[in-house]
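Each chain is listed here by its residues.
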Amino acid sequence: MNIYFPLTEQFLTQSEPAYCGLTSLAMGLNALNVDPLTFRWKGGWRWFTEDVFFANCFMPSRDIVKREGITMDDFLRLGRSHDLQVDIYRVGDGGDGGDGGDGGEVGSSEREGLDIFRRRILECVKGGAEEWDNEDKNDDSEDCDNCQSSACDGIDECTSDIERARSTIMVVSFDRASLGQTGEGHFSPIGGYDVKGDRVLILDVARFKYPPYWVSVESLWEAMKPKDHATGKSRGYFVMRRTDLDGLADAFGVERKLDASELPTFDEIEGRGCPMAKIAEEFGGVGPNFMLWPIAQVAGVLSLRIQQLDVVCETKTKDNVFVQVAVSVQYRILTEKTYDAFYRLTDPTEQIRSYVYDVIRSTVPKMELDQAFESKADIAHSVQDQLQKVMNDYGYEIMESLVTDLSPDIRVKASMNEINASKRLKMASMHKAEADKIRQVKAAEAEAESRYLSGVGVARQRKAIVDGLQQSINDFKSDVKGTSPKDVMDLLLLTQYFDLLRDVGANTIFMQHEPDAVINLQKQVNGGFMKPTKSMFGK
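Quick caveat: nothing in here was measured; it's all calculated off a predicted structure. (Residues numbered from 1 in each chain as written. Predicted model: local features only at pLDDT ≥ 70, side-chain atom pairs only at ≥ 80, totals over all residues. Heavy atoms only, no water.)

Lay out the overall build of the protein with the relevant residues and their values.
A count of helical and extended segments in the protein gives 18 helices and 13 strands. When the 539 residues of the protein are sorted by exposure, 36% land in the buried category. Look at the contacts in the protein between residues 6 or more apart in sequence, and 64% of them connect residues 24 or more apart. Split by element, the accessible area of the protein, about 31900 Å² in all, is 53% carbon and sulfur. (Helix = DSSP H or I, 4+ residues; strand = E, 2+ residues; numbered from the N terminus. Buried < 20%, exposed > 50% of the residue type's maximum accessible area, 1.4 Å probe, protein only. Contact = heavy atoms within 4.5 Å. Areas by Shrake-Rupley, 256 points an atom, 1.4 Å probe, with all protein chains shown as cover.)

Can you lay out the packing of helix H2 (residues 20-31) against helix H4 (residues 72-80) for me, pointing to particular residues and giving the numbers?
How two helices pack is summed up by the angle between their axes together with the distance between the axes. H4 packs onto H2 with a crossing angle of 30° between their chain directions and a minimal axis gap of 11 Å. Between H2 and H4, the interaxial angle falls into the category roughly parallel. Read as a crossing pair, H2 and H4 show a hand that is right-handed. Across the interface between the two elements, Gly21, Leu22, Ser24 and Leu25 of H2 pack against Phe75, Leu78 and Gly79 of H4. Looking at the contact of H2 with H4 residue by residue, the classes come out as four nonpolar, three polar and no charged. (Axes fitted to C-alpha atoms, helices over the stretch in contact; angles between N-to-C directions. Parallel < 35°, antiparallel > 145°, perpendicular 65-115°, else oblique. Left-handed = near helix turned anticlockwise from the far one by under 90°. Nonpolar A, V, L, I, M, F, W, Y, C, P; charged D, E, K, R; others polar.)

I'd like to hear about the packing of helix H12 (residues 348-363) against helix H14 (residues 376-391), residue by residue, with values.
Orientation of H12 relative to H14, taken along the N-to-C sense of each, is 135°, at an axis distance of 9 Å. With respect to H14, the axis of H12 lies oblique. Crossing hand, H12 versus H14: right-handed. Counted together, Pro348, Gln351, Ile352, Tyr355, Val356, Val359, Ile360 and Thr363 of H12 and Ile379, Ser382, Val383, Gln386, Leu387, Val390 and Met391 of H14 form the full contact between these two elements.

Explain the confidence of the model for the protein to me, using residue names and the numbers behind them.
With 73% of its residues at a pLDDT of at least 70, the protein reaches an overall mean of 77. Considering only residues more than four positions removed or in separate chains, one finds that residues 248-253, a stretch of pLDDT under 50, has eleven contacts. Every residue in residues 257-264 is under pLDDT 50, and counting partners more than four places away or in other chains gives 17 contacts. (pLDDT = per-residue confidence, 0-100.)

Quick rundown of the sheet that holds strand S12 (residues 322-333)? Include the residues and the values.
Read from one edge of the open sheet, three strands run S11-S12-S13, paired in antiparallel fashion. With one partner strand each, in any of the chains shown, strand S11 (307-316) and strand S13 (396-408) form the two edges of the open sheet. This sheet shows a mean twist of 20° between the axes of neighbouring strands, independent of strand direction. Two strands pair when backbone bridges link them, and S12 and S13 are joined in this way by eleven bridges, in the antiparallel orientation. Of the residues in S13, the one forming a bridge with Ser328 is Leu402. Most of the contacts of H14 go to S13, to which it runs at about 145°, and overall it touches S12 and S13. (Pairing = 2+ DSSP bridges.)

Run through a negative patch on the surface, naming residues and quoting values.
Together, Asp319, Glu368, Asp370 and Glu374 line one region of the surface with negative charge. Tracing the sequence through the fold places Asp319 in the loop between S11 and S12. (Patch = residues over 30% accessible without salt bridge, like charges linked within 9 Å, V, L, I, M, F, W, Y side chains within 5 Å. Salt bridge = Lys/Arg side-chain N within 4 Å of Asp/Glu carboxyl O. Lys, Arg positive; Asp, Glu negative; His and termini not counted. Charge placed at Lys NZ, Arg CZ, Asp CG, Glu CD.)

How would you sum up the pairing of strand S6 (residues 213-216)? Please name residues and give values.
Here S6 shows one buried face, formed by Tyr213 and Val215, and one open face, formed by Trp214 and Ser216. The pairing of strand S5 (residues 199-202) with S6 spans four bridges and is antiparallel. Within S6, the residue paired with Arg199 across the bridge is Ser216.

I'd like a description of the pairing of S12, backed by residues and values.
Each regular strand displays side chains that alternate between the two surfaces of the sheet. Pairing of S11 with S12 involves ten bridges; the strand directions are antiparallel. Bridging across to S12, Leu309 finds its partner in Val329. Following S11, the chain reverses through five residues before pairing antiparallel with S12; Asn320 in that reversal takes a positive phi of roughly 60°.

I'd like a description of the environment of Phe174, backed by residues and values.
Looking at where Phe174 falls in the secondary structure, it is placed in strand S3 (residues 168-175). Separated by ten residues in the primary sequence, Phe174 and Glu184 have C-alpha atoms spaced 8.2 Å apart. With near-sequence residues (within four places) excluded, Phe174 lies in contact with Leu179, Gln181, Glu184, Gly185, His186, Tyr213, Leu220, Ala223, Met224 and Arg235.

How would you summarise the side chain of Asp87 if you had to cite specific residues and measurements?
With respect to the helices and strands, Asp87 occurs in strand S1 (residues 85-92). We classify Asp87 as buried; its relative accessible area is 11%.

Could you give an account of the packing of aromatic side chains, with specific residues and numbers?
In the structure shown here, the tally under the stated rule is eleven aromatic pairs. Centroid distance Tyr4 to Phe5: 5.4 Å. Interplanar angle 80°. Geometry classified as edge-to-face. Residue Phe5 is classed as exposed on the basis of its relative accessible area of 53%. For the ring pair Phe75 and Phe187, a centre distance of 5.6 Å and an interplane angle of 5° mean the geometry is stacked. You can see Phe75 sitting in helix H4 and its partner Phe187 sitting in strand S4 (residues 185-194), a full 112 residues away along the chain. Grouping residues by exposure puts Phe75 and Phe187 together as buried. Directly above the aromatic system of Tyr89 lies the positively charged group of Arg120, at a separation of 3.8 Å from the ring centroid. Here Arg361 stacks its cationic end above the ring of Tyr357, 5.0 Å away from the centre of that ring. (Phe/Tyr/Trp six-rings, centres within 6.5 Å; stacked < 30°, edge-to-face > 60°. Lys NZ or Arg CZ within 6 Å of the ring centre and 35° of its normal.)

Break down the side chain of Ser188 for me, citing the residues and quoting the values.
In this structure, Ser188 sits in strand S4. Ser188 gets classed as buried once you look at its relative accessible area, which sits at 0%. In contact with Ser188, not counting residues within four places along its chain, are Ser24, Val171, Val172, Ile202, Leu203, Asp204 and Val205.

Tell me what's going on with the pattern of salt bridges, and back it up with residues and numbers.
Within this structure, the stated rule accounts for 21 salt bridges. One salt bridge connects Lys233 with Asp73, and the closest N-O pair in it is separated by 3.8 Å. Placement of the pair is Lys233 in the loop between helix H9 (217-223) and strand S7 (236-241) and Asp73 in helix H4, with a sequence separation of 160 residues. Between Asp228 and Arg235 there is a salt bridge, and its shortest N-O distance comes to 3.6 Å.

What follows is the structure, encoded as structure tokens:
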């Protein structure tokens, strides 16, 4: 059960009901100490989680995987894209038959296929089936004594056994219902093998559902026979191998961290990850995407993904305003020019950065600040055209150049805002004055109209009074014989006088208005209030 410890160190619980395949693969890659190389998890650490696999260009969408999971073919492609030797074996009616070119024994009988499956389990949990078959004949005490004997190289030999043990991992894809469990298809790694009981330990990644459990090899074999509804093929198992044991040994105790600026995070490249190009050197010659062993070595790895470089350049405009111009350059390496991309430039990002500085500082100073804001697209095109001319010779294609920000000094921003605010205040004052003018004109027009109508009303009132008096005089003369118009007028005036006395006298006191009369009234009031009485002083 030597593989048990590396796997349990990396034991994950699937975060979604259909993520069992991704979780099992992440466990295996971390247990094998595989380096992601071209992307990082968070911060500066390169690590495998379920989410990082969505950076691969051939992955189904996240929604589809959440709903349906991944197939065995998806698992195979994902594993091989990270430089592992992954063999797939489907368990069908014909026995242990592997897909073409994947190491399966096509046409083997049922019993032979089951025996091969047991041998591969031993290989994965102990690290080399034939050698461990021979060691099984000895008891454990002899193994321990041998490890401590003078013939043993001590810690180096033990370490090599550990390295060998964690260089191969088996992941099974089986039908849960065949084992009496709930659910359908499921992926999980194998963490151990009980030779006497002929049982394997399933490290179930759905730990919220089942803890790790033992199941007989024959039962697991039968559970891998039902066909997957998504592909129409039977299920099976994978053998994942890391062949570079020297690199595995070097990875022990090494912190896998890079400067965060060197690699994109997995979510920055989700769905855009593509295979990498290897630069192989053989006898002093170089070629992309192949390597001859043992007379060749990998000189480096280039990412063929579209990458982005963010450059911030300070310059000044024609009207002497200093601005910060942020430019994002999106580029990729041309597959047919990987040699030039790897060998001709020491630092391609610095080369791109230098050309961006040159174009920005030669273009923006010809524009005033407002024009620079209006001409961001022209600036971006100038950068792209210049970079495309130069970088294409070095194996780089400039996909796009974008001016993402143009930011003047904060004091310039404040002054621009004040200018804009003053213009708006001026317009607001003009509109307010115009509104006051309209309000006053309308008020004057309303007052004039009111006075006019009031005068018309007074005139009509007087006319009506005159008409009424005339009618009254005529009626009085006709009814009372011998009266003249003057008599009638005197009588009307006397009547109006009495009516006035009646209306005014009801609530009015008539007083003399001469100065002497006012003085006499004051003396009378003072005498009435200030005259002492006997009641005030007693008897």
